[in-house]
Amino acid sequence: MMTDIDVRRLIEEALRAKEKAYAPYSNFRVGAALLAQDGSIYTGCNVENASYGATCCAERVAIFSAVADGKRSFKAIAVVSDSCGFTFPCGICRQVMLEFDVPVVIVADSGGTYREYTLEDLLPNGFKKFGV
């Protein structure tokens, strides 16, 4: 999987991103840090909206930022929240991760304990376009 140093760096970046979250409705802040193949890191935080369907999760913010910067190859993403336990990506985020082939998902708690999962662990038999 990933080295402990790479994982810790991603978790630290995700924790910093979490502090920027806009979560006035749920008061549940989430941060994500995405590691591109070239070593660059893209962060995201959840951005809520009064119309909940318009809310964007931290994971998608990070991925969309990387894609907007021209990145298409990724090594891992780390996800943290205000929760004392692990916060896992929602189904929509898992599908976006599958679209961009993010192979490793790291979930961490507020104390720094973490676990690594493959995307196949979190989204078995995910939907992919035919021939892709």
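Worth saying up front: this structure is predicted, and the values here are computed from it rather than measured.

Draft legend 1. Looking closely at helix 2 (residues 58-68). Regarding helix 2, the residues found buried are Ala58, Glu59, Arg60, Ala62, Ile63, Ala66 and Val67. In this structure, the buried residues of helix 2 make contact with strand 1 (30-36), strand 2 (41-45), strand 3 (74-81) and helix 3 (91-99). Positive phi appears at Gly70, one or two residues downstream of helix 2, with a value of about 95°.

Draft legend 2. Molecular detail of the sheet that holds strand 5 (residues 114-118). If you walk across this open sheet you meet the 5 strands as 2-1-3-4-5, and the pairing is mixed. Edge positions in the sheet fall to strand 2 and strand 5, since each of these pairs with one other strand and no more. Taken over all neighbouring pairs, the strand axes of this sheet differ in orientation by 20° on average, direction set aside. By the bridge criterion, 7 bridges tie strand 1 to strand 3 in an arrangement that is antiparallel.

Draft legend 3. Focus on the pattern of salt bridges. A complete count under the given rule lists 7 salt bridges for this structure. Two residues, Arg8 and Asp4, come together in a salt bridge whose shortest N-O distance is 3.6 Å. Of this pair, Arg8 and Asp4 both sit in helix 1 (residues 4-18), 4 residues apart, which is roughly one turn of the helix. Overall, Arg8 belongs to the partly exposed group, its relative accessible area being 35%.

Draft legend 4. View of the packing of helix 2 against helix 3. At a closest axis distance of 9 Å, the pairing of helix 2 and helix 3 adopts a crossing angle of 25°. On the basis of the axis angle, helix 2 is roughly parallel to helix 3. Crossing handedness for the pair helix 2 and helix 3: left-handed. In this structure, helix 2 contributes Glu59, Arg60, Ile63 and Phe64 to the contact, and helix 3 contributes Ile92, Cys93, Val96 and Met97. A per-class count over the contact of helix 2 with helix 3 returns 6 nonpolar, no polar and 2 charged.

Draft legend 5. Geometry of the pairing of strand 3. Within strand 3, 7 of the 8 residues are buried, which leaves the element mostly enclosed by the surrounding structure. Sheet topology places strand 3 next to strand 4 (residues 104-108); 4 bridges connect them, and they run parallel. Looking at strand 4, one finds that Ile77 is bridged to Val105.

Definitions and cut-offs
- Residues numbered from 1 in each chain as written.
- Predicted model: local features only at pLDDT ≥ 70, side-chain atom pairs only at ≥ 80, totals over all residues.
- Heavy atoms only, no water.
- Buried < 20%, exposed > 50% of the residue type's maximum accessible area, 1.4 Å probe, protein only.
- Helix = DSSP H or I, 4+ residues; strand = E, 2+ residues; numbered from the N terminus.
- Contact = heavy atoms within 4.5 Å.
- Pairing = 2+ DSSP bridges.
- Axes fitted to C-alpha atoms, helices over the stretch in contact; angles between N-to-C directions.
- Salt bridge = Lys/Arg side-chain N within 4 Å of Asp/Glu carboxyl O.
- Parallel < 35°, antiparallel > 145°, perpendicular 65-115°, else oblique.
- Left-handed = near helix turned anticlockwise from the far one by under 90°.
- Nonpolar A, V, L, I, M, F, W, Y, C, P; charged D, E, K, R; others polar.

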